[in-house]
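Report on the structure
Spelled out, the chains give:
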Amino acid sequence: MPDHKSMLSHLEKVIRRNVVMYFARKPDTEKTLAKVEEFALKQLDFFISEMMKSDAVLKRSWSNGHPFTAKAAINKETMDFEIKIVEKEPGKW
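Residues numbered from 1 in each chain as written. Predicted model: local features only at pLDDT ≥ 70, side-chain atom pairs only at ≥ 80, totals over all residues. Heavy atoms only, no water.

Moving on to the overall build of the chain. For the chain, the helix and strand inventory stands at three helices and two strands. Counting from the amino terminus, the chain carries its helices and strands in the arrangement α-α-α-β-β. For the chain, the C-alpha atoms occupy an extent of roughly 45 × 25 × 20 Å along the three principal directions. Across the 93 residues in the chain, those meeting the buried criterion constitute 32%. Sequence separation of 24 or more characterises 53% of the internal contacts of the chain that already satisfy a separation of 6 or more. Total accessible area on the chain is roughly 6400 Å²; 53% of this is exposed by carbon and sulfur atoms. Taking the average location of the 17 positive side-chain charges in the chain and that of its 14 negative ones, the two points are 3 Å from each other. (Helix = DSSP H or I, 4+ residues; strand = E, 2+ residues; numbered from the N terminus. Buried < 20%, exposed > 50% of the residue type's maximum accessible area, 1.4 Å probe, protein only. Contact = heavy atoms within 4.5 Å. Areas by Shrake-Rupley, 256 points an atom, 1.4 Å probe, with all protein chains shown as cover. Lys, Arg positive; Asp, Glu negative; His and termini not counted. Charge placed at Lys NZ, Arg CZ, Asp CG, Glu CD.)

A few words now on the nonpolar core. Counting residues in each nonpolar core, the largest one holds 22 residues, and the members touching the most others are Val19, Val36 and Leu44. Among the secondary structure elements, those contributing two or more residues to this core are α1 (4–23), α2 (33–53), β1 (68–75) and β2 (80–87). Residue contacts for Leu44: discarding those within four places in its chain leaves Leu11, Ile15, His66, Phe68, Thr69, Ala70 and Ile85. (Core = buried A, V, L, I, M, F, W, Y, C linked by side-chain atoms within 4.5 Å.)

What follows deals with the pairing of β1. Direction of pairing for β1 relative to β2: antiparallel, over a ladder of eight bridges. Its bridge partner being in β2, Ala72 is matched across the sheet by Ile83. Two successive antiparallel strands, β1 and β2, enclose a turn made up of four residues, where Met79 displays a positive phi of approximately 60°. (Pairing = 2+ DSSP bridges.)

Looking now at α2. Compared with an ideal rise of 1.5 Å per residue, which puts 21 residues at 30 Å, α2 spans 30 Å between its outermost C-alpha atoms and is within 8% of the ideal. Val36, Glu37, Phe39, Ala40, Gln43, Leu44, Ile48 and Met52 are the residues of α2 that are buried. (Expected span 1.5 Å × (residues − 1).)

The next thing to look at is the confidence of the model for the chain. Taken over all residues, the pLDDT of the chain has a mean of 88, while the share at 70 or more is 91%. Within the chain, no element has a lower average pLDDT than helix α3 (residues 56–61), which sits at 90, and none a higher one than α2, at 94. (pLDDT = per-residue confidence, 0-100.)

The subject of this paragraph is the side chain of Glu37. Tracing the backbone through its elements, the reader meets Glu37 in helix α2. Dropping the residues within four chain positions of it, Glu37 is found in contact with Ala70, Lys71 and Ala72.

Another aspect to go through is the environment of Lys13. Looking at where Lys13 falls in the secondary structure, it is placed in helix α1. Sequence separation of Lys13 and Ile83 is 70 residues, and the distance between their C-alpha atoms is 7.9 Å.

Here it is as structure tokens:
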């Protein structure tokens, strides 16, 4: 498997860019932490499902779901978004 941290770092950047583009023209009332995290998680699930299609090891390892979730932070003054991909903790997310 490629470098795990490098892959996650790259996914975080891509997802953050997609989040910024998706929410850029939306009113501030739509830019909630829950909505940003939901969108980021959908993006993460999409990218991981695509990676699994071309990697049999990932497909076998993550056949019951991948071990990651997307967490977000929003600076309310600047409306900047931050996305972090973390491993799920059982029973937490």
